Amino acid sequence: MKTALITGVTGQDGSYLADFLVGKGYRVIGMLRRLSLENYGRIEHLADRMELAQGDLLDPTSLETILREYMPDEVYNLAAMSFVPTSWNQPVLTGEFTGLGVTRVLEAIRIVKPDARFYQASSSEMFGSIPETPQNESTRFSPRSPYGVAKVYGHYITVNYRESYGIFACSGILFNHESPRRGLEFFPRKVTDGVARIKLGLSNELRLGNLDARRDWGYAGDYVRAMWLMLQQPEPGDFVIATGESHSGREFVDTAFRHVGLDPAEYVRFDPQLLRPADVDHLVGDASRAKATLGWEPEAGFEELVRLMVDADVERLTRVAAQPGTASIPAV
Ligand code: NAP
(Lines give C-alpha, C1' and ligand atoms only; values in the text may rest on other atoms or scores of the structure.)
Protein backbone atom coordinates (compact mmCIF):
# COMPACT_ATOMS: atom_id res chain seq x y z
CA MET A 1 0.00 0.00 0.00
CA LYS A 2 1.43 3.39 -0.97
CA THR A 3 1.30 6.36 1.41
CA ALA A 4 0.42 9.85 0.19
CA LEU A 5 0.71 13.10 2.12
CA ILE A 6 -1.60 15.93 1.04
CA THR A 7 -1.02 19.48 2.28
CA GLY A 8 -4.13 21.67 2.02
CA VAL A 9 -6.40 18.67 2.50
CA THR A 10 -9.22 20.84 3.88
CA GLY A 11 -9.38 22.74 0.57
CA GLN A 12 -11.32 21.98 -2.60
CA ASP A 13 -8.56 20.06 -4.40
CA GLY A 14 -7.23 18.39 -1.26
CA SER A 15 -10.63 16.84 -0.59
CA TYR A 16 -11.08 15.58 -4.17
CA LEU A 17 -7.54 14.22 -4.23
CA ALA A 18 -8.10 12.45 -0.90
CA ASP A 19 -11.29 10.87 -2.34
CA PHE A 20 -9.35 9.77 -5.42
CA LEU A 21 -6.34 8.32 -3.56
CA VAL A 22 -8.47 6.53 -0.96
CA GLY A 23 -10.32 5.00 -3.91
CA LYS A 24 -6.97 3.82 -5.31
CA GLY A 25 -6.15 2.06 -2.03
CA TYR A 26 -3.58 4.57 -0.71
CA ARG A 27 -2.92 5.27 2.93
CA VAL A 28 -3.75 9.00 2.88
CA ILE A 29 -2.33 11.48 5.39
CA GLY A 30 -3.97 14.90 5.28
CA MET A 31 -1.96 17.79 6.67
CA LEU A 32 -3.92 20.61 8.20
CA ARG A 33 -3.03 23.66 10.20
CA ARG A 34 -4.35 24.42 13.64
CA LEU A 35 -7.39 26.70 13.56
CA SER A 36 -9.53 27.88 16.48
CA LEU A 37 -12.53 26.24 14.79
CA GLU A 38 -12.30 22.88 13.02
CA ASN A 39 -12.60 23.11 9.28
CA TYR A 40 -13.29 19.52 8.19
CA GLY A 41 -16.44 20.18 6.12
CA ARG A 42 -14.98 18.95 2.83
CA ILE A 43 -13.35 15.80 4.26
CA GLU A 44 -15.65 14.64 7.04
CA HIS A 45 -17.06 11.89 4.77
CA LEU A 46 -13.50 10.42 4.76
CA ALA A 47 -13.09 10.51 8.56
CA ASP A 48 -12.51 6.77 8.98
CA ARG A 49 -10.56 6.29 5.73
CA MET A 50 -7.75 8.84 6.10
CA GLU A 51 -5.47 10.15 8.84
CA LEU A 52 -4.87 13.77 9.78
CA ALA A 53 -1.61 15.36 10.88
CA GLN A 54 -1.15 18.90 12.16
CA GLY A 55 1.44 21.00 10.32
CA ASP A 56 1.92 24.39 8.75
CA LEU A 57 3.76 25.59 5.65
CA LEU A 58 5.24 28.35 7.83
CA ASP A 59 6.81 25.84 10.21
CA PRO A 60 9.62 23.65 8.80
CA THR A 61 9.88 21.49 11.94
CA SER A 62 6.25 20.43 11.63
CA LEU A 63 6.85 19.40 8.00
CA GLU A 64 9.93 17.33 8.84
CA THR A 65 8.16 15.69 11.77
CA ILE A 66 5.24 14.62 9.57
CA LEU A 67 7.57 13.23 6.90
CA ARG A 68 9.55 11.27 9.54
CA GLU A 69 6.41 9.83 11.04
CA TYR A 70 4.67 8.72 7.83
CA MET A 71 7.52 8.39 5.28
CA PRO A 72 5.17 9.08 2.34
CA ASP A 73 5.83 7.76 -1.17
CA GLU A 74 4.06 10.77 -2.69
CA VAL A 75 3.67 14.33 -1.42
CA TYR A 76 1.05 16.64 -2.96
CA ASN A 77 1.61 20.27 -1.99
CA LEU A 78 -1.81 21.86 -2.43
CA ALA A 79 -1.70 24.23 0.55
CA ALA A 80 -1.49 27.92 -0.33
CA MET A 81 -3.06 31.29 0.19
CA SER A 82 -5.05 30.63 -2.97
CA PHE A 83 -7.39 33.62 -3.40
CA VAL A 84 -5.97 36.14 -5.89
CA PRO A 85 -7.75 39.30 -4.54
CA THR A 86 -6.49 38.66 -0.99
CA SER A 87 -2.94 38.48 -2.30
CA TRP A 88 -2.97 42.28 -2.78
CA ASN A 89 -4.11 42.79 0.83
CA GLN A 90 -1.65 40.25 2.26
CA PRO A 91 1.25 40.16 -0.20
CA VAL A 92 3.92 39.20 2.35
CA LEU A 93 1.86 36.37 3.81
CA THR A 94 1.07 35.18 0.28
CA GLY A 95 4.79 35.05 -0.48
CA GLU A 96 5.40 33.10 2.73
CA PHE A 97 2.66 30.47 2.20
CA THR A 98 2.40 30.21 -1.54
CA GLY A 99 6.03 30.84 -2.45
CA LEU A 100 8.48 30.00 0.35
CA GLY A 101 6.11 27.32 1.69
CA VAL A 102 7.06 25.21 -1.35
CA THR A 103 10.75 25.43 -0.44
CA ARG A 104 9.98 24.36 3.11
CA VAL A 105 8.18 21.23 1.88
CA LEU A 106 10.96 20.47 -0.62
CA GLU A 107 13.64 20.95 2.04
CA ALA A 108 11.82 18.55 4.37
CA ILE A 109 11.68 16.00 1.53
CA ARG A 110 15.37 16.51 0.69
CA ILE A 111 16.38 15.98 4.32
CA VAL A 112 13.98 13.22 5.37
CA LYS A 113 12.65 11.33 2.32
CA PRO A 114 14.47 12.32 -0.88
CA ASP A 115 12.90 9.48 -2.89
CA ALA A 116 9.36 10.76 -2.23
CA ARG A 117 7.62 11.96 -5.38
CA PHE A 118 6.49 15.59 -5.17
CA TYR A 119 3.61 17.44 -6.82
CA GLN A 120 3.46 21.24 -6.74
CA ALA A 121 0.13 23.02 -7.35
CA SER A 122 1.18 25.67 -9.86
CA SER A 123 -1.32 27.93 -11.57
CA SER A 124 -2.31 29.51 -14.89
CA GLU A 125 -2.17 32.84 -13.00
CA MET A 126 1.60 32.59 -13.60
CA PHE A 127 0.96 33.44 -17.27
CA GLY A 128 -0.84 36.67 -16.40
CA SER A 129 -1.04 39.18 -19.21
CA ILE A 130 0.81 37.21 -21.86
CA PRO A 131 -0.60 37.77 -25.37
CA GLU A 132 0.23 34.21 -26.52
CA THR A 133 -2.93 32.05 -26.77
CA PRO A 134 -3.29 29.24 -25.84
CA GLN A 135 -0.65 28.95 -23.10
CA ASN A 136 1.51 25.82 -22.79
CA GLU A 137 4.58 24.68 -20.82
CA SER A 138 6.88 26.87 -22.96
CA THR A 139 4.88 30.09 -22.61
CA ARG A 140 6.66 32.90 -20.78
CA PHE A 141 5.37 33.80 -17.30
CA SER A 142 4.09 37.33 -16.73
CA PRO A 143 2.13 37.23 -13.45
CA ARG A 144 -0.26 40.09 -12.61
CA SER A 145 -0.83 39.57 -8.88
CA PRO A 146 1.23 38.82 -5.75
CA TYR A 147 -0.41 35.36 -5.90
CA GLY A 148 0.83 34.80 -9.46
CA VAL A 149 4.32 36.00 -8.51
CA ALA A 150 4.46 33.63 -5.52
CA LYS A 151 3.32 30.73 -7.72
CA VAL A 152 6.09 31.48 -10.23
CA TYR A 153 8.58 31.18 -7.36
CA GLY A 154 6.97 27.87 -6.29
CA HIS A 155 7.18 26.56 -9.85
CA TYR A 156 10.85 27.42 -10.34
CA ILE A 157 11.93 26.09 -6.93
CA THR A 158 10.22 22.80 -7.85
CA VAL A 159 12.15 22.66 -11.12
CA ASN A 160 15.30 23.64 -9.23
CA TYR A 161 15.03 20.83 -6.66
CA ARG A 162 14.48 18.37 -9.50
CA GLU A 163 17.61 19.59 -11.29
CA SER A 164 19.79 20.18 -8.21
CA TYR A 165 18.95 17.13 -6.09
CA GLY A 166 17.31 14.71 -8.51
CA ILE A 167 14.03 14.81 -6.58
CA PHE A 168 11.08 13.46 -8.56
CA ALA A 169 9.34 16.86 -8.51
CA CYS A 170 6.51 17.84 -10.87
CA SER A 171 4.77 21.16 -11.35
CA GLY A 172 1.17 20.96 -12.51
CA ILE A 173 0.20 24.23 -14.16
CA LEU A 174 -3.52 24.00 -13.61
CA PHE A 175 -6.05 26.33 -15.15
CA ASN A 176 -9.13 27.28 -13.11
CA HIS A 177 -11.09 24.32 -11.85
CA GLU A 178 -14.30 24.42 -9.91
CA SER A 179 -16.82 22.24 -8.12
CA PRO A 180 -19.57 22.42 -5.49
CA ARG A 181 -16.70 22.34 -2.94
CA ARG A 182 -15.09 25.56 -4.26
CA GLY A 183 -14.74 28.37 -1.70
CA LEU A 184 -17.64 30.84 -1.80
CA GLU A 185 -15.41 33.86 -2.37
CA PHE A 186 -14.25 32.54 -5.77
CA PHE A 187 -16.16 33.99 -8.73
CA PRO A 188 -17.79 30.78 -10.09
CA ARG A 189 -19.02 29.62 -6.69
CA LYS A 190 -20.14 33.12 -5.77
CA VAL A 191 -22.26 33.06 -8.92
CA THR A 192 -23.79 29.60 -8.40
CA ASP A 193 -24.50 30.28 -4.72
CA GLY A 194 -26.00 33.69 -5.62
CA VAL A 195 -28.18 32.20 -8.38
CA ALA A 196 -29.43 29.49 -6.01
CA ARG A 197 -30.29 32.09 -3.35
CA ILE A 198 -32.22 34.20 -5.86
CA LYS A 199 -34.03 31.14 -7.23
CA LEU A 200 -35.12 30.16 -3.70
CA GLY A 201 -36.22 33.72 -2.81
CA LEU A 202 -33.42 34.18 -0.26
CA SER A 203 -31.84 37.11 -2.11
CA ASN A 204 -32.75 39.51 -4.91
CA GLU A 205 -29.39 40.62 -6.32
CA LEU A 206 -25.90 39.40 -7.12
CA ARG A 207 -23.06 41.94 -6.96
CA LEU A 208 -20.13 41.23 -9.31
CA GLY A 209 -17.08 43.02 -10.71
CA ASN A 210 -15.39 42.42 -14.07
CA LEU A 211 -17.40 40.02 -16.26
CA ASP A 212 -15.24 40.36 -19.38
CA ALA A 213 -12.23 38.34 -18.20
CA ARG A 214 -12.06 34.97 -19.97
CA ARG A 215 -10.99 31.81 -18.17
CA ASP A 216 -10.50 28.14 -18.98
CA TRP A 217 -12.79 26.44 -16.44
CA GLY A 218 -12.61 22.72 -15.71
CA TYR A 219 -13.95 20.36 -13.06
CA ALA A 220 -11.78 19.76 -9.97
CA GLY A 221 -12.55 16.01 -9.95
CA ASP A 222 -10.92 15.70 -13.40
CA TYR A 223 -7.90 17.80 -12.39
CA VAL A 224 -6.84 15.79 -9.31
CA ARG A 225 -6.60 12.72 -11.56
CA ALA A 226 -3.97 14.61 -13.58
CA MET A 227 -1.96 15.33 -10.38
CA TRP A 228 -1.77 11.63 -9.60
CA LEU A 229 -0.92 10.69 -13.19
CA MET A 230 2.08 13.06 -13.13
CA LEU A 231 3.59 11.16 -10.19
CA GLN A 232 3.13 7.74 -11.89
CA GLN A 233 5.36 8.55 -14.89
CA PRO A 234 8.88 7.15 -15.39
CA GLU A 235 10.29 10.71 -15.44
CA PRO A 236 9.21 13.88 -13.61
CA GLY A 237 8.02 16.88 -15.63
CA ASP A 238 5.77 19.92 -15.80
CA PHE A 239 2.33 19.79 -17.34
CA VAL A 240 -0.38 22.27 -18.27
CA ILE A 241 -3.82 20.97 -17.29
CA ALA A 242 -6.72 22.74 -19.02
CA THR A 243 -9.83 22.15 -21.11
CA GLY A 244 -8.62 24.27 -24.05
CA GLU A 245 -11.88 26.28 -24.05
CA SER A 246 -12.29 29.76 -22.62
CA HIS A 247 -15.48 31.49 -21.48
CA SER A 248 -16.11 34.97 -20.14
CA GLY A 249 -17.43 35.65 -16.67
CA ARG A 250 -20.59 36.90 -18.36
CA GLU A 251 -21.07 33.55 -20.10
CA PHE A 252 -20.69 31.81 -16.74
CA VAL A 253 -23.32 34.08 -15.20
CA ASP A 254 -25.73 33.69 -18.16
CA THR A 255 -25.39 29.89 -18.14
CA ALA A 256 -26.05 29.71 -14.40
CA PHE A 257 -29.15 31.97 -14.49
CA ARG A 258 -30.50 30.28 -17.63
CA HIS A 259 -30.24 26.90 -15.94
CA VAL A 260 -32.82 27.95 -13.32
CA GLY A 261 -34.98 29.89 -15.79
CA LEU A 262 -34.05 33.42 -14.65
CA ASP A 263 -32.84 36.52 -16.54
CA PRO A 264 -29.47 37.78 -15.16
CA ALA A 265 -30.25 41.37 -16.27
CA GLU A 266 -32.86 41.57 -13.50
CA TYR A 267 -30.49 40.57 -10.69
CA VAL A 268 -26.82 41.23 -11.51
CA ARG A 269 -25.41 44.55 -10.20
CA PHE A 270 -21.98 45.88 -11.12
CA ASP A 271 -19.84 46.63 -8.05
CA PRO A 272 -16.61 48.59 -8.78
CA GLN A 273 -15.29 47.60 -5.32
CA LEU A 274 -14.90 44.08 -6.68
CA LEU A 275 -12.48 45.08 -9.47
CA ARG A 276 -8.88 43.90 -9.03
CA PRO A 277 -5.95 46.36 -9.09
CA ALA A 278 -4.70 44.47 -12.17
CA ASP A 279 -6.67 41.77 -13.95
CA VAL A 280 -5.80 39.00 -16.35
CA ASP A 281 -7.91 39.30 -19.52
CA HIS A 282 -7.67 35.92 -21.16
CA LEU A 283 -6.39 32.55 -20.01
CA VAL A 284 -6.80 29.40 -22.07
CA GLY A 285 -4.55 26.39 -21.82
CA ASP A 286 -3.07 23.91 -24.25
CA ALA A 287 -2.90 20.53 -22.47
CA SER A 288 -1.45 18.62 -25.45
CA ARG A 289 1.56 17.41 -23.47
CA ALA A 290 -0.64 16.02 -20.68
CA LYS A 291 -2.89 14.35 -23.24
CA ALA A 292 0.05 12.75 -25.08
CA THR A 293 2.18 11.77 -22.05
CA LEU A 294 -0.33 11.17 -19.26
CA GLY A 295 -3.27 10.09 -21.39
CA TRP A 296 -5.29 12.70 -19.48
CA GLU A 297 -8.51 14.23 -20.85
CA PRO A 298 -11.09 16.35 -19.00
CA GLU A 299 -14.48 14.65 -18.79
CA ALA A 300 -16.86 17.42 -17.66
CA GLY A 301 -17.66 20.26 -20.11
CA PHE A 302 -18.37 23.92 -19.27
CA GLU A 303 -22.19 23.80 -19.31
CA GLU A 304 -22.23 20.56 -17.34
CA LEU A 305 -19.90 22.07 -14.72
CA VAL A 306 -22.04 25.20 -14.27
CA ARG A 307 -25.25 23.15 -14.03
CA LEU A 308 -23.67 20.75 -11.53
CA MET A 309 -22.61 23.65 -9.29
CA VAL A 310 -25.96 25.46 -9.46
CA ASP A 311 -27.87 22.25 -8.70
CA ALA A 312 -25.61 21.49 -5.72
CA ASP A 313 -26.14 25.00 -4.29
CA VAL A 314 -29.93 24.85 -4.79
CA GLU A 315 -29.98 21.48 -3.05
CA ARG A 316 -27.77 22.65 -0.16
CA LEU A 317 -29.69 25.87 0.44
CA THR A 318 -33.06 24.10 0.21
CA ARG A 319 -31.91 21.62 2.84
CA VAL A 320 -30.60 24.35 5.17
CA ALA A 321 -33.64 26.59 4.71
CA ALA A 322 -35.94 23.69 5.65
CA GLN A 323 -34.34 23.46 9.09
CA PRO A 324 -36.45 25.24 11.73
CA GLY A 325 -35.03 28.45 13.20
CA THR A 326 -32.67 29.23 10.30
CA ALA A 327 -32.37 33.02 10.51
CA SER A 328 -29.67 33.38 7.85
CA ILE A 329 -28.24 30.70 5.63
CA PRO A 330 -24.64 29.86 6.45
CA ALA A 331 -22.04 30.00 3.71
CA VAL A 332 -21.14 26.31 3.55
P1 NAP B 1 -8.27 26.15 -1.34
O2 NAP B 1 -9.63 25.50 -1.40
O3 NAP B 1 -8.19 27.59 -1.02
O4 NAP B 1 -7.39 25.32 -0.31
C5 NAP B 1 -6.15 25.81 0.16
C6 NAP B 1 -5.67 24.91 1.27
O7 NAP B 1 -4.41 25.39 1.77
C8 NAP B 1 -6.61 24.84 2.48
O9 NAP B 1 -6.67 23.51 2.93
C10 NAP B 1 -5.88 25.71 3.51
O11 NAP B 1 -6.15 25.36 4.83
C12 NAP B 1 -4.44 25.35 3.19
N13 NAP B 1 -3.45 26.29 3.75
C14 NAP B 1 -3.38 27.62 3.53
N15 NAP B 1 -2.32 28.12 4.19
C16 NAP B 1 -1.73 27.09 4.86
C17 NAP B 1 -0.60 26.97 5.71
N18 NAP B 1 0.14 28.02 6.05
N19 NAP B 1 -0.27 25.75 6.18
C20 NAP B 1 -1.01 24.67 5.85
N21 NAP B 1 -2.10 24.72 5.06
C22 NAP B 1 -2.45 25.92 4.57
O23 NAP B 1 -7.53 25.94 -2.76
P24 NAP B 1 -7.80 24.84 -3.91
O25 NAP B 1 -8.75 25.43 -4.91
O26 NAP B 1 -8.07 23.55 -3.30
O27 NAP B 1 -6.39 24.83 -4.62
C28 NAP B 1 -5.37 23.92 -4.23
C29 NAP B 1 -4.03 24.43 -4.71
O30 NAP B 1 -4.06 24.54 -6.13
C31 NAP B 1 -3.65 25.81 -4.19
O32 NAP B 1 -2.25 25.84 -4.03
C33 NAP B 1 -4.06 26.74 -5.32
O34 NAP B 1 -3.32 27.93 -5.28
C35 NAP B 1 -3.73 25.88 -6.51
N36 NAP B 1 -4.49 26.15 -7.74
C37 NAP B 1 -5.84 26.14 -7.67
C38 NAP B 1 -6.56 26.36 -8.86
C39 NAP B 1 -8.07 26.34 -8.86
O40 NAP B 1 -8.66 26.78 -9.83
N41 NAP B 1 -8.71 25.79 -7.84
C42 NAP B 1 -5.88 26.58 -10.06
C43 NAP B 1 -4.49 26.53 -10.06
C44 NAP B 1 -3.80 26.31 -8.90
P45 NAP B 1 -7.37 26.03 5.67
O46 NAP B 1 -8.57 25.19 5.34
O47 NAP B 1 -6.91 25.87 7.07
O48 NAP B 1 -7.51 27.44 5.23
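As shown above, the structure is provided for reference.
Residue numbers here run from 1 along each chain, matching the order of that chain's written sequence. With pLDDT at 70 or above as the cut-off, local features in this predicted model cover only qualifying residues; side-chain atom pairs require 80 or more to be listed or tallied, and sums for whole chains, interfaces and linings still use all residues. Note that water and hydrogens are dropped before the side-chain values are worked out from all heavy atoms of the structure.

**Things to note about the pairing of strand E5 (residues 117-123)**
For a regular strand, side-chain orientation follows a simple rule: the groups alternate between the two sheet faces. Stated formally: Think of it in three bands: residues with accessible area under 20% of the maximum for their type are buried, residues over 50% are exposed, and the middle band is partly exposed, with areas taken using a 1.4 Å probe on protein chains only. Working definition: helices are DSSP H or I runs of at least four residues, strands are E runs of at least two. Numbering for both runs from the N terminus. Each pair of strands is called paired provided DSSP finds at least two bridges between the two strands. Seen with its strands pointing away from the viewer, a crossover is right-handed if its path from the first strand over the helix to the second goes clockwise.
Of all seven residues that make up E5, six are buried, and the element is covered over most of its length. As judged from the four bridges shared by strand E4 (residues 74-77) and E5, these two strands associate in the parallel manner. When the bridges of E5 are listed, Tyr76 appears paired with Tyr119. Of the pairings in the sheet, the one linking E5 to strand E6 (residues 169-174) comprises six bridges and is parallel in character. Residue pairing for E6: Phe118 is matched across the bridge by Ala169. Following the backbone out of E5, through helix H5 (residues 146-165) and into the adjacent parallel E6, one traces a crossover that is right-handed.

**Considerations on the packing of helix H4 (residues 91-112) against H5**
Convention followed: Angular values range over 0 to 180 degrees, each being the angle between N-to-C directions of two axes fitted as lines to C-alpha atoms, with helices fitted over their stretch in contact. Note that the term roughly parallel is reserved for angles under 35 degrees, roughly antiparallel for angles over 145, roughly perpendicular for angles of 65 to 115, and oblique for everything else. In this scheme, a crossing is called left-handed if the near helix is turned counterclockwise away from the far one by less than a right angle; it is called right-handed if the turn is clockwise. Any pair of residues with heavy atoms lying within 4.5 Å of one another is described as a contacting pair.
At their nearest, the axes of H4 and H5 sit 8 Å apart, and the two run at 15° to each other. Taken together, the axes of H4 and H5 are roughly parallel relative to one another. Once H4 is placed against H5, the crossing between them reads as right-handed. Residues Pro91, Thr94, Gly95, Thr98, Gly99, Leu100, Val102, Thr103, Leu106, Glu107 and Arg110 of H4 lie in contact with H5, whose contacting residues are Pro146, Tyr147, Ala150, Lys151, Tyr153, Gly154, Ile157, Thr158, Tyr161 and Tyr165.

**Digging into the site of the ligand**
Convention followed: The cutoff for a nearby residue is simple: one of its non-hydrogen atoms must lie within 4 Å of the molecule or strand. Polar contact is the term for a pair of N or O atoms within 3.5 Å; when the atoms are in protein, one must be able to donate a hydrogen and the other to accept it, and sequence-neighboring residues count only if both atoms are side-chain atoms. Computed with a 1.4 Å probe, the accessible areas rest on the Shrake-Rupley method; for each residue, only the protein chains presented here act as cover. Side-chain classes are defined by residue name, with Ala, Val, Leu, Ile, Met, Phe, Trp, Tyr, Cys and Pro counting as nonpolar, Asp, Glu, Lys and Arg as charged, and the others, Gly among them, as polar.
Within the structure, the ligand sits among 26 residues, and Thr10, Arg33, Asn39, Ser82 and Tyr147 are positioned closest to it. Between the ligand and the protein, one listed contact pairs an oxygen atom with a backbone N or O atom of Gly11 at 3.0 Å. Within the side chain of Asp56, a nitrogen or oxygen atom sits 2.9 Å from a nitrogen atom of the ligand. Summarising the interface, the protein chains cover 91% of the accessible area of the ligand, which totals 900 Å² for the free molecule. Per element, the largest residue contribution to the shell around the ligand is three residues, and it comes from E5. Taken together, the residues of the shell around the ligand sort by class into eleven nonpolar, ten polar and five charged.

**Thoughts on the sheet that holds E5**
Judged by pairing direction, the sheet is parallel, and its seven strands sit side by side in the order E3-E2-E1-E4-E5-E6-E11 without closing on themselves. The open sheet terminates on both sides in strands that have one partner only, identified here as strand E3 (51-54) and strand E11 (238-241). Pairwise comparison of adjacent strand axes, ignoring direction, gives a mean angle of 20° for this sheet. In the packing of helix H1 (residues 12-23) onto the sheet, contacts are made with strand E1 (3-7), strand E2 (27-32) and E4, and the angle to E1 comes to roughly 170°. Each of E4, E5, E6 and E11 touches helix H7 (residues 220-230); the most contacted strand, E6, lies at about 160° to it.

**Section: unusual backbone geometry**
Residues Thr133 and Pro134 are joined by a peptide bond in cis, for which omega reads -5°. With respect to the element layout, Pro134 can be found in the loop between E5 and H5. For Met71, which is not glycine, the phi torsion reads 45° and is therefore positive. Here Met71 lies in the loop between helix H2 (60-70) and E4.

**Looking at the nonpolar core**
The tendency in soluble globular proteins is for nonpolar side chains to be buried side by side. Just so we agree on the cut-off: Buried Ala, Val, Leu, Ile, Met, Phe, Trp, Tyr and Cys residues form a nonpolar core when they are joined through side-chain atoms within 4.5 Å.
Leu21, Tyr76, Tyr119, Ile241 and Trp296 are the most contacted members of the largest nonpolar core, which has 36 residues in total. Elements with a minimum of two residues in this core: E1, H1, E5, E6, H7, E11 and helix H9 (288-294). By residue number, the principal contributor to this core is H7, which donates eight residues. Ile241 has contacts with Ile173, Leu174, Phe175, Tyr223, Ala226, Met230, Ala287, Ala290, Leu294 and Trp296, leaving out every residue within four places of it along the chain. Among the nonpolar cores identified, the runner-up in size contains 23 residues, and Leu5, Tyr70, Ala79 and Phe118 belong to it.

Purely spatial values, then, with no claim about function.
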